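Inside the fold
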Number of protein chains: 4
Amino acid sequence: MHSPSAIVLVICPDRPGLVSELSSWVAANGGNIRHADHHTDAGAGLFLSRIEWTLEGFGLPRAAIPPAIAALAERLGGEGQVYFSDVIPRVAIFVSKQDHCLLDLLWRTRAGELAMQVPLVVSNHNDLRAVAEDFGARFVHLPITAATKAEVEAQQLALLEEERIELVVLAKYMQVISPTFLARFNGSSDDNPATNRVINIHHSFLPAFMGAQPYHRAWERGVKLIGATAHYVTEELDGGPIIEQATVPVSHRDGVDDLIRKGRDCERLALSRALRLHLRRQVMVYRGRTAVFA
Amino acid sequence: MHSPSAIVLVICPDRPGLVSELSSWVAANGGNIRHADHHTDAGAGLFLSRIEWTLEGFGLPRAAIPPAIAALAERLGGEGQVYFSDVIPRVAIFVSKQDHCLLDLLWRTRAGELAMQVPLVVSNHNDLRAVAEDFGARFVHLPITAATKAEVEAQQLALLEEERIELVVLAKYMQVISPTFLARFNGSSDDNPATNRVINIHHSFLPAFMGAQPYHRAWERGVKLIGATAHYVTEELDGGPIIEQATVPVSHRDGVDDLIRKGRDCERLALSRALRLHLRRQVMVYRGRTAVFA
Amino acid sequence: MHSPSAIVLVICPDRPGLVSELSSWVAANGGNIRHADHHTDAGAGLFLSRIEWTLEGFGLPRAAIPPAIAALAERLGGEGQVYFSDVIPRVAIFVSKQDHCLLDLLWRTRAGELAMQVPLVVSNHNDLRAVAEDFGARFVHLPITAATKAEVEAQQLALLEEERIELVVLAKYMQVISPTFLARFNGSSDDNPATNRVINIHHSFLPAFMGAQPYHRAWERGVKLIGATAHYVTEELDGGPIIEQATVPVSHRDGVDDLIRKGRDCERLALSRALRLHLRRQVMVYRGRTAVFA
Amino acid sequence: MHSPSAIVLVICPDRPGLVSELSSWVAANGGNIRHADHHTDAGAGLFLSRIEWTLEGFGLPRAAIPPAIAALAERLGGEGQVYFSDVIPRVAIFVSKQDHCLLDLLWRTRAGELAMQVPLVVSNHNDLRAVAEDFGARFVHLPITAATKAEVEAQQLALLEEERIELVVLAKYMQVISPTFLARFNGSSDDNPATNRVINIHHSFLPAFMGAQPYHRAWERGVKLIGATAHYVTEELDGGPIIEQATVPVSHRDGVDDLIRKGRDCERLALSRALRLHLRRQVMVYRGRTAVFA
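Residues numbered from 1 in each chain as written. Chains lettered and ligands numbered in written order. Predicted model: local features only at pLDDT ≥ 70, side-chain atom pairs only at ≥ 80, totals over all residues. Heavy atoms only, no water.

**Digging into the overall build of chain A**
The helix and strand inventory of chain A stands at 8 helices and 13 strands. Taken over the C-alpha trace, chain A has a radius of gyration of 20 Å; the compact-globule value for 294 residues is 19 Å, and the two agree within 12%. With respect to the three principal axes, the spread of C-alpha positions in chain A is 60 × 40 × 40 Å. Here chain A holds 294 residues, and the buried ones make up 61% of them. In chain A, 69% of the contacts between residues at least 6 apart in sequence involve partners at least 24 apart. For chain A, the accessible area works out to roughly 10900 Å², and carbon and sulfur atoms hold 53% of it. Measuring between centres, the 30 positive side-chain charges of chain A sit 4 Å from its 33 negative side-chain charges. (Helix = DSSP H or I, 4+ residues; strand = E, 2+ residues; numbered from the N terminus. Rg over C-alpha atoms; globule rule 2.2 N^0.38 Å. Buried < 20%, exposed > 50% of the residue type's maximum accessible area, 1.4 Å probe, protein only. Contact = heavy atoms within 4.5 Å. Areas by Shrake-Rupley, 256 points an atom, 1.4 Å probe, with all protein chains shown as cover. Lys, Arg positive; Asp, Glu negative; His and termini not counted. Charge placed at Lys NZ, Arg CZ, Asp CG, Glu CD.)

The following block contains the structure:
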């Protein structure tokens, strides 16, 4: 319904005049700003900005916008990215045996809540083939063992390239992604919004219960709330920048099974919200943290 | 800790270039923007903007800022207000017999959470004199009956003028404010952020349970959540622009007394959050609604 | 994994000794109580009890339990119902065009979260046939108009009887059920847990925004939270006993479309939680209210 | 308003007939049960029960109840405690410099939300003397250093004995209580509800951010929710049984100061709710966990 828009993300050293400089560039080219959000991290001396404007009637052709923004960002001593709201990212979902997140993401995509395409679902098990194929995704079953991990990850990377995948979502994949995989898929810098390309859902309120079996450990500890955390994946296990967290109350009447069941709702909500924010380019990453312009 | 800042609120018809125009005016005068938030209501064709910048090193003297903004807003066909973060508003709190909101607000003020002074507490009962005076506020006891209402409201207005009060907070005042009082204290326009000068806490999740005895009616209805609503007061009872709402779960084990007790926590949270937002000039009112730049 | 259990719900006038009388009856027959919950409504002078015990090793045969409980309840001047956890209710879901609640309920049933079978999905539109049939449910398309309503409801009732349906869930059905339908399907008394057999999800935080288009009206009113309410359906529109409510924050940035989107998550959560509680016989209805033993 | 009640907490090995045995004992003596809650921990093979009945008209004199319950519990191979709702516990609050929890607890006590007396406030600083004394509590200033810790704790224990204190609340005390102090004040067993006599509020969502400066570390980690945890204090730092947890959303706009400010509301809510549950004897401790009959 909306006409398409351009979205620019800029991160640069803070100084006076930045909001003016960025918004004036848009105005000078005839753009009508739909959203403009900024954040200054005084401790880090950094300025972050997200500006979205209507492409209709804009003075520059699309192809001219990215180089213009690159030049502008360079002049500010920072970095910039450009996205167009009608360029729908191709996303791969990695799963294991649990279907709740996969089904939820596919349903939300079909319902128009998530502006993405899902051409590819990858799994180390064959269980979710039917779910993926029902929604028109190619399902690739790649069993994985400690011995074959390097080789399988190479196959995965080849698939991602073949399908021109921009983003990988680990939707209860239950496997640790190797630094090699990340380095090859993400590219070089963790602080570049364009290079955080893997989102994971962890089934705890991080940093509580990092690692394996968080619900069992939550039950053991006797917590009164459980949670889920959607975050970008970095080399540090469960240590990447957090995008979204959700919690739900539990009681002594809840066994581990109940925690797992209640947790599924948290996981679906946290993951789908994080993914929507990412896809709308409302998330900026810097210094291991996120600014979320929601 | 922070150096003082200027805050400008502008509301005007939407058109391209507004963010640029406002931020460039700040930049041209050497201001370093701390926060810039904007909202476009496409249906209403309106643009709302809040810009906050550091006064230190700003090129214009303070006294010159309000007329400059007025001229700028007029050129945009809208209205503008200017606030300075180190001008601490004088606030009067109206109470009846319940002390929880009054004590909470006074404590938060002393703790530095609410940037306001409370020189005056007005009540139709004498019960809370000690609480008010403990925190250094003048306490004025003005009993009120149907017969004396007009006269007492005139006394209240005289007190507000005498104490140079900018904002009235109804912290469980339990009395309806007359249209006459509102017109005289608020001034003319409901859609002017400067003229919404009375904040009320209503003990329900509006628009459910408008009017009297909301907890009793919530219990009767068997709801599973109760709430509280902080809103600006307008002539329409419990119908003014909503600033903040909070809810808390209840169960069949909760009687009306429990709802009242649990509701007190909601009321304190919703009212204090709304007041903080108002005092930081993060709330803009238009067409009976609020934009809250939090 | 659990061995099956018997669940008894008793409602009777309050007096000393009731917990003892009920639990001793279970103990006298060799039952091991898994859960025992009670509630006294002092104002109403009523005692409500839910007792669940393991059938394994119980001294009475299944068939003898309901008459024994009926006799016991009669002696207490009240009413009792008996359920067995391994008797899986047959549930019909009524839908219109929106699929989120239907898909969610069918998925949760398959995942083991909801102990029900769904042999029948009824709709006034044909849109959701594929979703229903994918999960093995019979889908019956019965268009409805004001003129045909009585006739179509008769057809619906015939279907419910044919499929031996115990419970109807209105999962965004968007049609008002007539008193005639309710009377025929529910049986006579609203205060009998066995006769509340229709659950609806209303897309607002009742009693706010009863009736049509609650999200539009919520947007108009400028609320800061929206909600959903799962309740038993009675003759009074949106006035039946509430089982579960959920809310989610919204802001001025959210248009009606966003409220609808955010509301879908609330609706799914409130409806599925209410249904789980109902299916586990954790909900007792009396005097237009529910006691929820969760 | 209510007539006083007796509350019995029993923990014993699980077997059939326990609910009946306990409730029948109450009934046999003419007691009218107000609340009866039970929990079976199947893994641990334990049965926990809380029964509350009206003392009015009960067949045994008060003094005879504790020995009768002790005998009953012994016969069941477990342990039992007896409390009377009109015996108001004497509670000491330990504080440091922050006043928000202290003021909140004193206000809630005066408002009737917490059924306790606070004859004593102990602090290692003198800052909160006025707050304590305003509410009629004796304030004792005991500065503490690493060198004097053992000696000061001995003085604290003497004060607790002198004032006949049943429960100590660490309301932002910011000092670690030594195992010696705990052993002497708590008595011997951690699994005895009667011997968990120290409640702490920790300013994080445990087990995340155990130890010092949780808000700073939460900010560093970039979490999107912060929390607070009220728990019994054991020898294991921040490892005791959790009674209550609360969370609040935060964003990239929140600095450490904002986390501290928002956290104060969480701390007050979690601590006061936990304390209310404890004082109403709704909390039972076993195996490092709590069952909370709310």
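Here the narrative resumes.
**Examining the relation of the copies chain C and chain B**
Rotating chain C by 180° and moving it 0.0 Å along the rotation axis overlays it on chain B with an RMSD of 0.0 Å. Look at the turn and shift together and you get a two-fold axis relating the two. If distances are taken from each C-alpha of chain C to the rotation axis, the shortest is found for C:Ala208, at 2.2 Å. Here 100% of the interface residues in chain C have copies in chain B that are interface residues too; the copies meet face to matching face. (Least-squares fit on C-alpha atoms with pLDDT ≥ 70 in both.)

**Quick notes on the sheet that holds strand β9 (residues 198–202) of chain A**
All names here are of chain A. Taken together, 7 strands build an open sheet; the order of strands is β7-β6-β5-β8-β9-β10-β11 and the sheet is mixed. Each having just a single partner strand, β7 (138–141) and β11 (242–249) make up the two edges of the open sheet. Averaged over all pairs of adjacent strands, the angle between strand axes in this sheet comes to 15°, irrespective of strand direction. (Pairing = 2+ DSSP bridges. Axes fitted to C-alpha atoms, helices over the stretch in contact; angles between N-to-C directions.)

**Observations regarding unusual backbone geometry**
Omega for the peptide link from C:Leu206 to C:Pro207 comes to 10°, which places this bond in the cis form. In this structure, C:Pro207 sits in the loop between β9 (198–202) and α7 (214–221). Phi is positive for B:Gln213, which is not a glycine, with a value near 55°. Unusually for a residue other than glycine, D:Arg287 sits at a positive phi of about 50°. Topologically, D:Arg287 is positioned in the loop between β12 (283–286) and β13 (289–292).

**Digging into the layout of surface pockets**
The computed volume of the second largest pocket comes to approximately 740 Å³. Lining the second largest pocket are 37 residues, with C:Lys172, C:Tyr173, C:Met174, C:Gln175 and C:His203 positioned closest to its centre. Within the residue set of the lining of the second largest pocket, elements represented by two or more residues are α3 (100–110) of chain A together with α6 (179–186), β9, α7 and α8 (256–279) of chain C. Partitioned by chemical class, the residues of the lining of the second largest pocket number 16 nonpolar, 12 polar and 9 charged. (1 Å grid on protein atoms, 1.4 Å probe; cavity = no way out; pocket = protein on both sides within 12 Å on 5 of 7 lines; lining within 4 Å. Points joined across faces, edges and corners; volume = space filled by probe spheres on them. Nonpolar A, V, L, I, M, F, W, Y, C, P; charged D, E, K, R; others polar.)

**Here's the deal with the pattern of salt bridges**
Residues and elements named next belong to chain D. Evaluation of the coordinates by the stated rule reveals 88 salt bridges over all chains. One salt bridge in this structure joins Glu21 and Arg15, with 3.1 Å as the shortest N-O distance. A residue is classified by how much of its surface remains accessible, and Glu21, at 23% relative accessible area, is partly exposed. Using a relative accessible area of 34% as the deciding quantity, one classes Arg15 as partly exposed. The shortest N-O distance in the salt bridge between Lys262 and Asp254 comes to 3.0 Å. (Salt bridge = Lys/Arg side-chain N within 4 Å of Asp/Glu carboxyl O.)

**Considerations on the interface of chain C and chain B**
Of the residues lining the interface, 30 residues belong to chain C; the matching set on chain B comes to 30 residues. Taking both partners together, chain C and chain B bury about 2600 Å²; carbon and sulfur atoms supply 57% of that area. The largest per-residue losses of area from chain C upon contact with chain B belong to C:Arg221, C:His252 and C:Arg289, which jointly make up 29% of the total buried on that side. If you look at where chain C meets chain B, you find 0 salt bridges. (Buried area = accessible area lost by both parts, 1.4 Å probe.)

**Quick notes on the interface of chain D and chain A**
Facing the 30 residues of chain D at the interface are 30 residues of chain A. Where chain D abuts chain A, roughly 2600 Å² becomes buried across the two surfaces, and 57% of that area is made up of carbon and sulfur atoms. For chain D, the biggest contributors to the area lost against chain A are D:Arg221, D:His252 and D:Arg289; these three give 29% of the whole. For the pair chain D and chain A, the interface holds 0 salt bridges.

**A word on the side chain of A:Asn186**
Structurally, the position occupied by A:Asn186 is in helix α6 (residues 179–186). Residues contacting A:Asn186, with those up to four places away along its chain left out, are A:Thr195, A:Asn196, A:Arg197, A:Val198 and A:Val233.

**Quick notes on the packing of helix α7 (residues 214–221) of chain A against helix α8 (residues 256–279) of chain A**
Residue and element names in this part refer to chain A. The N-to-C vectors of α7 and α8 enclose an angle of 120°; their axes lie 9 Å apart at closest approach. Classified by the interaxial angle, the pair formed by α7 and α8 is oblique. Once α7 is placed against α8, the crossing between them reads as right-handed. For the pair α7 and α8, contact is made by Tyr215, His216, Ala218 and Trp219 and by Val256, Leu259, Ile260, Gly263, Arg264 and Glu267, respectively. Classifying every residue of the contact of α7 with α8 by side-chain character gives 6 nonpolar, 2 polar and 2 charged. (Parallel < 35°, antiparallel > 145°, perpendicular 65-115°, else oblique. Left-handed = near helix turned anticlockwise from the far one by under 90°.)

**Here's the deal with the packing of aromatic side chains**
Per the counting criterion, the structure on display carries 26 aromatic pairs over all chains. Centre to centre, the rings of B:Trp53 and B:Phe58 are 5.1 Å apart; their planes meet at 45°, and the pair counts as tilted. B:Phe58 carries the same exposure label as B:Trp53, and that label is buried. An angle of 45° between the planes, with centres 6.2 Å apart, marks the rings of C:Phe181 and C:Phe185 as tilted. Placement of both C:Phe181 and C:Phe185 in helix α6 is noted, with a separation of 4 residues, approximately one turn of the helix. On the basis of relative accessible area, C:Phe181 is assigned to the buried category, the value being 1%. The ring of B:Trp219 carries the charged tip of C:Arg289 above its face, separated from the ring centre by 3.8 Å. Geometry around D:Phe84 places D:Arg62 over its ring, the cationic atom sitting 4.9 Å from the centre. (Phe/Tyr/Trp six-rings, centres within 6.5 Å; stacked < 30°, edge-to-face > 60°. Lys NZ or Arg CZ within 6 Å of the ring centre and 35° of its normal.)

**Side note on helix α2 (residues 65–75) of chain B**
All names here are of chain B. Every buried residue of α2 is listed here: Ile65, Ile69, Leu72 and Ala73. An end-on view of α2 places all buried positions within 95° of arc, on one side of the element. Projecting away from the buried face of α2 at angles above 90 degrees are the exposed residues Glu74 and Arg75. On its buried face, α2 is in contact with β1 (5–13), α1 (18–28), β3 (46–54) and β4 (79–84). Of the residues flanking the end of α2, it is Gly77, one or two places downstream, whose phi is positive at about 75°. (Arc of directions from axis to C-beta.)

**Let's talk about the confidence of the model for chain A**
Per-residue confidence for chain A averages 95 on the pLDDT scale, and 97% of its residues sit at or above 70. In the predicted complex, the global pTM is 0.96; the interface-specific ipTM is 0.94. (pLDDT = per-residue confidence, 0-100.)

**Quick notes on the environment of C:Ser23**
Looking at the secondary structure, you find C:Ser23 in helix α1 (residues 18–28). C:Ser23 sits 123 residues away from C:Ala146 along the chain, and the two C-alpha atoms are 51 Å apart. With residues up to four places along the chain from it excluded, the contact list for C:Ser23 reads C:Ile33, C:Ile51, D:Val19, D:Ser20 and D:Ser23. Reaching out from C:Ser23, the side chain makes a polar contact with the backbone oxygen of C:Val19 at a distance of 2.7 Å. (Polar contact = N/O pair within 3.5 Å; in protein donor to acceptor, adjacent residues only side chain to side chain.)

**Comments concerning the sheet that holds strand β2 (residues 32–41) of chain D**
Sheet strands associate in pairs through backbone hydrogen bonding, adopting either a parallel or an antiparallel arrangement. Residues and elements named next belong to chain D. With antiparallel pairing, 4 strands are arranged side by side in an open sheet as β2-β3-β1-β4. Each edge of the open sheet carries a strand with a single partner, namely β2 and β4 (79–84). Direction aside, the axes of adjacent strands within the sheet are offset by 10° on average. Here β2 pairs with strand β3 (residues 46–54) via 9 bridges, running antiparallel. Within β3, the residue paired with His35 across the bridge is Glu52.

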